[in-house]
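Chain and residue survey
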Number of protein chains: 2
Amino acid sequence: MRSGHSLAFQQFEEVLSEITIKKIDKNEKGVNELYQNYKKNEAEVHTFIQPFKMSWSAESDWEPDDPSEVSSGTCIIIPLKKDDESGLLIRSLGYAEAQIAQSSYQFSNDGTLVLKTHYEQSIAEERIWFVSENVRCRSSILKTSEGSGILQTSFASEVKRISL
Amino acid sequence: MRSGHSLAFQQFEEVLSEITIKKIDKNEKGVNELYQNYKKNEAEVHTFIQPFKMSWSAESDWEPDDPSEVSSGTCIIIPLKKDDESGLLIRSLGYAEAQIAQSSYQFSNDGTLVLKTHYEQSIAEERIWFVSENVRCRSSILKTSEGSGILQTSFASEVKRISL
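Described in the following lines is the structure provided in the data block. (Residues numbered from 1 in each chain as written. Chains lettered and ligands numbered in written order. Predicted model: local features only at pLDDT ≥ 70, side-chain atom pairs only at ≥ 80, totals over all residues. Heavy atoms only, no water.)

So, the overall build of chain A
Let me state the cut-off plainly: A helix here means a DSSP run of H or I that spans at least four residues, while a strand means a run of E at least two residues long, and both kinds are numbered starting from the N terminus. Here the globule rule reads 2.2 Å times residues to the power 0.38, and the radius of gyration is calculated from C-alpha atoms. Under the scheme applied here, a residue whose accessible area is under 20% of the maximum for its type counts as buried, over 50% as exposed, and between as partly exposed, the area being computed with a 1.4 Å probe on protein chains only. Note on definitions: a residue-residue contact is assigned when non-hydrogen atoms from the two residues lie within 4.5 Å. Within this scheme the basic residues Lys and Arg register as positive and the acidic residues Asp and Glu register as negative, but His and the chain ends are omitted. The atoms used to mark charge sites are NZ of Lys, CZ of Arg, CG of Asp and CD of Glu.
Each helix and strand in chain A was counted, giving 1 helix and 10 strands. The order of α-helices and β-strands along chain A, N terminus first, is β-β-α-β-β-β-β-β-β-β-β. Relative to a compact globule of 164 residues, whose C-alpha radius of gyration would be 15 Å, chain A shows 17 Å and is just as compact. Judged by the C-alpha coordinates and their principal axes, chain A covers about 45 × 45 × 35 Å. Here chain A holds 164 residues, and the buried ones make up 43% of them. If you take every contact in chain A between residues at least 6 apart in sequence, the share linking residues at least 24 apart comes to 40%. Taking the average location of the 18 positive side-chain charges in chain A and that of its 25 negative ones, the two points are 8 Å from each other.

Quick notes on the sheet that holds strand β2 (residues 11-23) of chain A
Residue and element names in this part refer to chain A. The test is simple: Strands qualify as paired when DSSP identifies two bridges or more between them. Axis geometry follows a simple rule: fit a line to the C-alpha atoms, using only the stretch in contact for helices, then measure angles between N-to-C directions, giving values from 0 to 180 degrees.
Pairing is antiparallel in the closed barrel, where 10 strands are placed in the order β1-β2-β3-β4-β5-β6-β7-β8-β9-β10. Taking the axes of each pair of neighbouring strands and ignoring which way they run, one obtains an average angle of 25° across the sheet. For strand β6 (residues 101-107) and strand β7 (residues 113-118), the ladder comprises 5 bridges, and the chain directions are antiparallel. Its bridge partner being in β7, Y105 is matched across the sheet by L115.

Re the relation of the copies chain B and chain A
So the rule is basically this: For this overlay, a least-squares fit was computed on C-alpha atoms, restricted to residues scoring pLDDT of at least 70 in both copies.
Mapping chain B onto chain A calls for a screw motion: a turn of 180° about the axis and a shift of 0.0 Å along it, with 0.0 Å RMSD after fitting. Each copy turns onto its partner about a two-fold axis. Looking at the interface residues of chain B, 100% of them are also at the interface in chain A, so both copies use one shared face.

Digging into the interface of chain B and chain A
Filter applied, for reference: Reported buried area values correspond to the accessible surface (1.4 Å probe) lost by two parts on association, with both partners' losses combined. Whenever Lys or Arg places a side-chain nitrogen within 4 Å of a carboxyl oxygen from Asp or Glu, that contact is recorded as a salt bridge. Distance and chemistry together define a polar contact, namely a pair of N or O atoms within 3.5 Å, with one atom able to donate a hydrogen and the other to accept it when in protein, and with adjacent residues in sequence counting only for side-chain atoms on both sides.
Contacts between the two partners involve 34 residues from chain B and, on the opposite side, 34 residues from chain A. Counting each side, the surface lost to burial between chain B and chain A is near 2,800 Å², with a carbon and sulfur contribution of 66%. Among the residues chain B hides against chain A, the three largest losses belong to M1, F12 and F155 of chain B. Together they make up 24% of the total. Our enumeration of links across chain B and chain A arrives at 2 salt bridges. Of the charged contacts in the structure, one is a salt bridge between D110 of chain A and R127 of chain B, with a shortest N-O distance of 3.1 Å. Counting across the chain B and chain A interface gives 16 residue pairs in polar contact (both at pLDDT 80 or more). Elements with a contribution of two residues or more to the side of chain B that touches chain A: β1 (2-6), β2 (11-23), β8 (122-132), β9 (135-144) and β10 (150-159) of chain B.

Quick notes on the pattern of salt bridges
Residues and elements named next belong to chain A. According to the stated counting rule, one finds 18 salt bridges over all chains in the structure shown. The partner of E28 in a salt bridge is K53, and the shortest N-O contact between them spans 3.3 Å. With E28 in the loop between β2 and α1 (31-40) and K53 in strand β3 (residues 52-60), this pair connects stretches of sequence that are 25 residues apart. Assessed through its relative accessible area of 25%, K53 is described here as partly exposed. Of the charged contacts, one joins E158 and R136 as a salt bridge, the two residues approaching to 2.5 Å between their closest N and O atoms. Highlighted residues: E158 in strand β10 (residues 150-159) and R136 in strand β9 (residues 135-144), separated in sequence by 22 residues. E158 sits in the buried class, given a relative accessible area of 13%. By relative accessible area, R136 is classed as buried at 18%. Within the structure, one salt-bridge network assembled from shared partners comprises R91, E126, R136, R138 and E158.

Next comes the structure, spelled out in structure tokens:
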């Protein structure tokens, strides 16, 4: 369950989505391409251990005319650990803009994962934390790239589906 | 703007509310009563510096038949500082249940204020953080008092109204 808040217009969005997160093999299609793209732009290069793939399909109440309209997508994510608390995540598709994205991540002392991503037009800040073994929350803030205005916030309550 | 998520029923709630937070005098009606109530139940007693009063009025989309139905209330909050990062908040009215409530607070290393409150029937965990000078976010999780099930989550995006 995800709620979006458009602050300027005081509009709510309600989204129901299914997310699948899977570990994938280092040799899987797309992983090396994404890593090479990262390497060519960086002076200091980190190695990676376990890439994964995230897929989603979402239904929003902002498309009431055609509720069968489901938005979906897939992206590859490669974590690059700097130290125990921080590092980078590179993604084949960004959260706020549909392009390759690089996020910095940092764990707070209470275990919250804080992700920051600079896009061309915007800056996204996400927080992900577990509130029980199988429920996690995720908040995101979208700012203008100048960093002054908050365009939008969102909050997701995510329940892990245990495969039997 | 506040969104509530009922996880078991996948139901969204949308709430628009106005919140007023004001510093109040130590001698204001109710402050001493609340502090005495706290003192009589505690072995280790902390002193307080600056009490404040919070008032709210909220409109929820769960009362569509009577949109003029506004829920509102007021409570006194007394912060009791233990050290620079933590302490207690005592409130004349709880967030999850309408009774005197005592919360422990803790600041994370990223500046997030984490509040935990044990009620008779439930445990509430709130997080409050500023995402810009005048926008703050607040998430809350309501668990059963056994602490196992998550009953409800909510998320608020709050814009400070600057008085001119």
